[in-house]
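Chain by chain, the residues run as shown.
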Amino acid sequence: MSGDHFLPIQEDFSTIAIHEAQEPEQWSCMEVVTPISTSTTYKQRGPADFKKYEYSRSGNPTREVLEKVIAKLEDAKYGYCFSSGLGANTTLLGLLKCGDHILCINDVYGGTNRLFSKVASRFGIETSFSEIEAESFEKNLRPNTKMIWIETPTNPTLQVCDIAKVAEISKKHNVILVVDNTFLTPYFQKPLTLGADVVVHSLTKYMNGHSDVVMGACMTNNEALSKEIKFLQNAMGIVPSPFDCSQVLRSLKTLALRMKQHSESSLQIAKYLESHPKVEGVIHPGLPNHPHYELTKRQTSGHSGIFSIYIKGNLDSSKKLLQSLKKFTLAESLGGYESLAELPSVMTHASVPPEQREKLRITDNLIRLSVGLEDVKSLISDLEQALKAI
Ligand code: P1T
């Protein structure tokens with residue numbers, strides 16, 4: 001055991017989120033808040049002779065500020081935004097070609113699984129799935145593997161993958177390692193510092209945190225990859241609107257405060273549920289009984305507001321519980337200020353083939369909670385009354 005210490009929280013995280021690339025002097029009216037630049041096109045002095053921007057898909061001042069901030073928060077040199085998390089994933093598929101193979105962690109967001117298995121496959125890009133242990137990645141590499149894709153903690157069973165170990169393997173075999181950092185954000189985890197080549201995010205979740213923007217991003221320190229991603233961002237065109245970029249820029253300013261509260265509240269609620277007679281098990285990486293607790297402490301600064309529970313019961317019990325909740329809203333998504341609850345087997349992970357779901361224990365009594373920023377006591381009473389109802 002390595003004691004009860006997680007990695008330290010970055011001291012200047014909020015200062016970066018609030019000030020990075022946001023000097024008022026860069027704007028004509030010295031705006032303190034980054035202006036929303038809505039123009040889709042920019043006047044040229046002569047043909048192909050333009051100041052900085054040419055067309056808003058290729059570059060936009062509001063988006064560029066956001067890209068600089070998210071890059072800096074991930075300790076990356078380069079950052080790019082897309083119109084959704086899956087849009088970021090789709091763009092990264094553009095790094096591959098027909099005949100290439102992706103080795104993906106087996107417990108991955110259902111939409112990512114569907115994108116790889118049902119869409120990339122149409123273009124001749126194969127995907128196979130690996131167990132969470134680093135050794136399993138090495139064992140399952142193929143001669144044509146070009147990308148390893150992991151999510152950690154995983155969605156929805158909250159398993160934790162050893163990023164540094166997988167990075168060692170990916171480097172040895174010259175394979176691009178992509179880590180989806182949506183669940184923790186750079187406030188709690190920095191995959192690039194652990195050896196990942198690219199980090200992807202659904203900014204829709206904690207990074208925006210107000211459930212009013214769908215957006216994605218990827219960040220890297222690799223110059224060659226960065227050039228390719230920038231090219232693909234423009235060539236594939238999956239870009240966000242300047243208005244949405246402004247919303248996310250605003251939200252990032254409170255990311256640290258929000259993550260701290262999500263973390264404290266989720267741990268408190270997880271501890272309460274652990275001893276509830278109607279709960280069979282709680283999967284929360286911040287609890288000492290989590291199978292990857294030691295690894296969690298080694299590679300993160302804490303855990304966010306998302307965790308899952310197995311209730312004692314079946315599909316009907318899960319439905320009853322979810323329909324009885326009053327403060328937790330029954331809805332997909334996570335990471336917002338409001339608490340959400342969902343049933344992955346029929347909602348977020350319904351597109352995962354049933355045999356794969358069974359193997360991963362994404363069963364009808366597995367409920368995923370996203371603990372928001374409401375008062376913890378009211379959330380606990382809500383769970384208490386809903387559990388009574390089953
Ligand atoms: O929804 P979108 O912004 O396209 O992001 C996709 C995505 C990518 N990665 C992870 C880890 C995710 O959880 C998601 C989206 N997830 C949900 C909508 C959900 O409820 O799990």
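You'll find the structure just up there.
We now turn to the structure provided with this report. Since the structure is predicted, the reported quantities are computational estimates derived from the model, not experimental observations.

## Focus: the environment of Ala 350
Its place among the elements puts Ala 350 in the loop between β11 (340–342) and α13 (354–359). Put simply, Ala 350 and Gly 110 are 240 residues apart on the chain and 7.2 Å apart in space, counted from C-alpha to C-alpha. Those residues in contact with Ala 350 that lie beyond four places of it in its chain are Pro 344, Ser 345 and Arg 357.

## Thoughts on the packing of aromatic side chains
As enumerated under the stated definition, the model contains five aromatic pairs in all. Ring centres of Tyr 42 and Tyr 53 lie 5.5 Å apart, and the angle between their planes is 40 degrees; this geometry places the pair in the tilted category. Separated by eleven residues along the polypeptide, Tyr 42 in the loop between α1 (13–19) and α2 (61–73) and Tyr 53 in the loop between α1 and α2 bring together distant segments of the chain. Summarising the burial analysis for this pair, Tyr 42 and Tyr 53 share the class buried. For the ring pair Phe 116 and Trp 149, a centre distance of 5.0 Å and an interplane angle of 80 degrees mean the geometry is edge-to-face. Of this pair, Phe 116 sits in helix α4 (residues 110–119) while Trp 149 is found in strand β4 (residues 145–151), placing the two residues 33 residues apart along the sequence. For the residue pair Phe 116 and Trp 149, the accessibility class agrees, reading buried in each case. Of the aromatic side chains, those joined through ring pairs into one cluster are Phe 13, Tyr 187 and Phe 188. Above the plane of the ring of Tyr 310 lies Arg 361, whose end atom (NZ or CZ) is 4.1 Å from the centre.

## Section: unusual backbone geometry
Of all residues except glycine, most have a negative phi; of all peptide bonds, most are trans. Pro 153 follows Thr 152 through a cis peptide bond whose omega is -5 degrees. Examined against the element boundaries, Pro 153 turns out to sit in the loop between β4 and α6 (163–172). With an omega of 15 degrees, the peptide bond between Asn 155 and Pro 156 qualifies as cis. We note that Ala 21 has phi near 60 degrees; this positive angle belongs to a residue other than glycine.

## Description of the site of the ligand
The local shell around the ligand holds 18 residues, among which Asp 180, Ser 202, Thr 204, Ser 333 and Arg 368 are the closest. A distance of 2.9 Å separates an oxygen atom of the ligand from a polar backbone atom of Gly 85. A distance of 2.8 Å is found between an oxygen atom of the ligand and a side-chain nitrogen or oxygen belonging to Arg 368. Here the ligand, which alone exposes 480 Å², has 92% of that area covered by the protein.

## Some details on the sheet that holds β11
The strand order across the open sheet built from five strands is β8-β9-β12-β11-β10, with neighbouring strands paired in mixed fashion. The sheet terminates laterally at β8 (279–283) and β10 (329–330), the two strands that pair on one side only. In terms of strand pairing, strand β9 (residues 306–311) meets strand β12 (residues 366–370) through five bridges, oriented antiparallel. Directly across from Ile 309, in β12, lies its bridge partner Ile 367. Contacts from helix α10 (residues 255–274) reach β8, β9 and β12 within the one sheet, and its direction differs from that of β9 by about 10 degrees.

Rules used throughout
- Residues numbered from 1 in each chain as written.
- Predicted model: local features only at pLDDT ≥ 70, side-chain atom pairs only at ≥ 80, totals over all residues.
- Heavy atoms only, no water.
- Helix = DSSP H or I, 4+ residues; strand = E, 2+ residues; numbered from the N terminus.
- Contact = heavy atoms within 4.5 Å.
- Phe/Tyr/Trp six-rings, centres within 6.5 Å; stacked < 30°, edge-to-face > 60°.
- Buried < 20%, exposed > 50% of the residue type's maximum accessible area, 1.4 Å probe, protein only.
- Lys NZ or Arg CZ within 6 Å of the ring centre and 35° of its normal.
- Near = heavy atom within 4 Å.
- Polar contact = N/O pair within 3.5 Å; in protein donor to acceptor, adjacent residues only side chain to side chain.
- Areas by Shrake-Rupley, 256 points an atom, 1.4 Å probe, with all protein chains shown as cover.
- Pairing = 2+ DSSP bridges.
- Axes fitted to C-alpha atoms, helices over the stretch in contact; angles between N-to-C directions.

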